[in-house]
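One-letter residues, chain by chain:
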Amino acid sequence: MALPNAYGQYNNSKILTASPAELTLMLYEGAIKFCNIAIAAVESKDVEKAHIHIRKVERIVDYLRQTLDMKYPVAEDFERIYSYLSQRLIEANTKKDKEILEEINGHLRTVRDTWKEVMKKGRD
């Protein structure tokens, strides 16, 4: 019983000690994970599970969108990306469409990978 508690404490400390850039990366990773679960749920015709996980991705994208600092020109690019993803997520959830979810997941992976490169360059 102590093991799950230790894991929870580890995850909690990981979040509490993460930099803003690392937290953003964790959000991208979470969105990708939930999108993968939603894809699997759509494939297995588990409508409720698909809905729950698509909504999780929507909330992460909404949060990322709300935290944009619009004083930087690149924020406008991210705003367009997040706006598009939000629209597609609504469509994917309405239709329970695997192909739309795979498209969204591809975009999320691209943005995540770009973010990793930015983080890497910031350390150099």
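Residues numbered from 1 in each chain as written. Predicted model: local features only at pLDDT ≥ 70, side-chain atom pairs only at ≥ 80, totals over all residues. Heavy atoms only, no water.

Chemist: Where do I start with the overall build of the protein chain in this structure?
Modeler: Assigned secondary structure in the protein chain consists of five helices and zero strands. Reading the secondary structure of the protein chain in the N-to-C direction produces α-α-α-α-α. Burial status across the protein chain gives 32% buried among its 124 residues. Sequence separation of at least 24 residues holds for 60% of the intrachain contacts in the protein chain that already meet a minimum separation of 6. When the accessible surface of the protein chain is split by element, carbon and sulfur atoms take 57% of a total near 8200 Å². (Helix = DSSP H or I, 4+ residues; strand = E, 2+ residues; numbered from the N terminus. Buried < 20%, exposed > 50% of the residue type's maximum accessible area, 1.4 Å probe, protein only. Contact = heavy atoms within 4.5 Å. Areas by Shrake-Rupley, 256 points an atom, 1.4 Å probe, with all protein chains shown as cover.)

Chemist: It is not clear to me how the pattern of salt bridges should be interpreted in this structure. Could you clarify?
Modeler: When their charged atoms lie close together, side chains carrying opposite charge are able to pair. Within this structure, the stated rule accounts for 11 salt bridges. One salt bridge connects lysine 98 with glutamate 43, and the closest N-O pair in it is separated by 2.8 Å. Of the two residues, lysine 98 sits in helix 5 (residues 98-123) while glutamate 43 sits in helix 2 (residues 20-43), which places them 55 residues apart along the sequence. Connected through shared salt-bridge partners, Glu29, Arg112, Asp113 and Lys116 make up one network. (Salt bridge = Lys/Arg side-chain N within 4 Å of Asp/Glu carboxyl O.)

Chemist: Quick question: what am I supposed to make of the packing of aromatic side chains here?
Modeler: Any two aromatic rings considered together are summarised by their centre-to-centre distance and by the angle between their planes. Evaluated as defined, the whole model comprises two aromatic pairs. When the ring of tyrosine 28 is compared with that of tryptophan 115, the centres are 6.4 Å apart and the planes differ by 65 degrees; the resulting orientation is edge-to-face. A residue pair is termed long-range when its members are at least 10 positions apart, and tyrosine 28 in helix 2 and tryptophan 115 in helix 5 qualify at 87 residues. In this structure tyrosine 28 comes out as buried when scored by relative accessible area, which is 1%. (Phe/Tyr/Trp six-rings, centres within 6.5 Å; stacked < 30°, edge-to-face > 60°.)

Chemist: Which parts of the structure should I look at to understand helix 4 (residues 74-95)?
Modeler: Because each turn of an α-helix spans 3.6 residues, side chains separated by three or four positions end up pointing in the same direction. In this model, helix 4 (22 residues) spans 32 Å end to end at C-alpha, consistent with the 32 Å of a helix rising 1.5 Å per residue. Within the sequence span of helix 4, burial applies to Ala75, Phe78, Tyr82, Ser83, Leu85, Ser86, Arg88, Leu89, Ala92 and Asn93. Packing partners of the buried residues in helix 4 comprise helix 2, helix 3 (47-66) and helix 5. Note on helix 4: the residue one or two positions beyond its end, lysine 96, has a positive phi of about 50 degrees. (Expected span 1.5 Å × (residues − 1).)

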